[in-house]
Amino acid sequence: RMVKMYMACRNDIHRYDATFIAIYKSLIPAEEELEKQRQLMAHLENLVAKEWPHAKLYLYGSCANSFGFPKSDIDVCLAIEGDDINKSEMLLKLAEILESDNLQNVQALTRARVPIVKLMDPVTGISCDICINNVLAVVNTKLLRDYAQIDVRLRQLAFIVKHWAKSRRVNETYQGTLSSYAYVLMCIHFLQQRRPPILPCLQEMEPTYSVRVDNIRCTYFDNVDRLRNFGSNNRETIAELVWGFFNYWAYAHDYAYNVVSVRTGSILGKREKDWTRRVGNDRHLICIEDPFETSHDLGRVVDKFSIRVLREEFERAARIMHQDPNPCAKLLEPY
Ligand code: GTP
Ligand code: MG
């Protein structure tokens, strides 16, 4: 009888598609905002070129990976070649240049894990962090953006998941929960695993893009225009996918043994990665492999307390998707 009831509740899951799509659309940044970002970038490029003519500026993170919310700060990477780069000195010099150009709240944080200069541009109102030579972040930003071009359902799912994570306060790495970057990778992996798949595994295809960053070769198929129909044999809609995503992380993922890997489009074992025991602060209680820095587990920030918080939130979300009469609002209700 329970089974019947449950089927009766949710063979109407499509009723919620329109609401999820409306939420997704309300979260996409407006074109004016992107235009302001470009304006600030052009301005910064100008300033930087005067001092370092060979340097390049790249946007990275959510302002460039197509998973950004409106009114976000922008992340910029200054890339410059040379073995004798002193990042602290450069950041201090950069801060000086920015300050004399009337940019506001300029602050060089040279001792941070990723050293940056912060600034606020009074013309566009945009805040910005600039780091030096964090080229892997630029490359993984491109990977995410390329995946987003293949099937719109990735963007839809990831916006809902990010919105959920922010509302439920499980998007706070300093509190042991996951970064936005980790959530987007979880979404990509989930869509690679659907049958038929909604996303391919770009890193397993014939490479058309290849860069070497430090000692890591980053290669994958980036001719994504050719993959626009890739997922068309799978007709699942956003409400089903949201449901499936939370169901997977609530009940189907094997936290004791498994690692999700976008790089291979599959599930790997913790054993083959040697992620079975705690090393230093890395506990590997939920394992998400970085697509390029393969020794890097994006779940490493999660500890024995926050793993419970996370799993309870996944279960709450799955339960709501199974049976709540108003799942869209309830799912995203602030904590
Ligand atoms: P929001 O600011 O929450 O909207 O998302 P975001 O996409 O900017 O994500 P986040 O601040 O988590 O990450 C910024 C960028 O840093 C990512 O897009 C990656 O390119 C890069 N990055 C690389 N490694 C890591 C990592 O281990 N953790 C995080 N957080 N970011 C990483
Ligand atoms: Mg960010």
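Residues numbered from 1 in each chain as written. Chains lettered and ligands numbered in written order. Predicted model: local features only at pLDDT ≥ 70, side-chain atom pairs only at ≥ 80, totals over all residues. Heavy atoms only, no water.

Side note on the overall build of the chain
This is how it is decided: Labels follow the DSSP assignment, with helices taken as runs of H or I lasting at least four residues and strands as runs of E lasting at least two, numbered in each case from the N terminus. Note on method: radius of gyration uses C-alpha positions; expected globular size equals 2.2 Å times residues raised to 0.38. Accessibility here uses a 1.4 Å probe with only protein chains present; expressed as a share of the type maximum, an area under 20% marks a residue as buried, one over 50% as exposed, and anything in between as partly exposed. We call two residues in contact whenever any of their non-hydrogen atoms come within 4.5 Å of each other. Per-residue and other accessible areas were derived by the Shrake-Rupley procedure at a 1.4 Å probe size, with only the shown protein chains allowed to occlude residues. Here the positive residues are Lys and Arg and the negative ones are Asp and Glu; neither His nor the chain ends is included. A charged residue contributes its charge at one atom only: NZ of Lys, CZ of Arg, CG of Asp or CD of Glu.
From N to C terminus, the chain includes 11 helices and 10 strands. The C-alpha atoms of the chain give a radius of gyration of 21 Å, which matches the 20 Å a tight globule of 335 residues would have. Considering only C-alpha atoms, the chain reaches an extent of 75 × 45 × 45 Å along its principal axes. Looking at the chain as a whole, 51% of its 335 residues qualify as buried. When contacts within the chain are restricted to residue pairs at least 6 apart in sequence, long-range pairs at least 24 apart make up 64% of them. About 17000 Å² of surface is accessible on the chain, with carbon and sulfur atoms providing 48% of the total. In the chain, the 44 positive side-chain charges and the 43 negative ones have mean positions that sit 7 Å from each other.

Comments concerning the packing of aromatic side chains
Put simply, the test is: Here a Phe, Tyr or Trp ring, Trp counted by its six-membered ring, pairs with any other such ring whose centre lies within 6.5 Å, and the pair is stacked when the planes are under 30 degrees apart, edge-to-face when over 60, and tilted otherwise. Charge-over-ring placement is defined geometrically: NZ (Lys) or CZ (Arg) within 6 Å of the ring centre, and within 35 degrees of the ring normal.
Applying the stated criterion across every chain, the model contains 12 aromatic pairs. Measuring from ring centre to ring centre gives 5.3 Å for Phe 245 and Phe 246, while their planes differ by 85°; the resulting arrangement is edge-to-face. Residue classification places Phe 245 among the buried residues on the basis of a relative accessible area of 0%. A relative accessible area of 0% means that Phe 246 is categorised as buried. Geometrically, the ring pair formed by Tyr 248 and Trp 249 is edge-to-face, given 5.1 Å between the ring centres and 90° between the ring planes. Each of the two residues, Tyr 248 as well as Trp 249, counts as buried. An aromatic cluster is defined as three or more aromatic residues linked by ring pairs; in this entry it consists of Trp 164, Tyr 183, Phe 190, Phe 245, Phe 246, Tyr 248, Trp 249, Tyr 255 and Phe 314. We note Lys 162 situated over the ring of Phe 69; from NZ or CZ to the ring centre the distance is 4.9 Å. Cation over ring: Arg 311 sits above Tyr 255, and NZ or CZ is 3.8 Å from the ring centre.

Remember, this is a structural readout, not a statement about activity or role.
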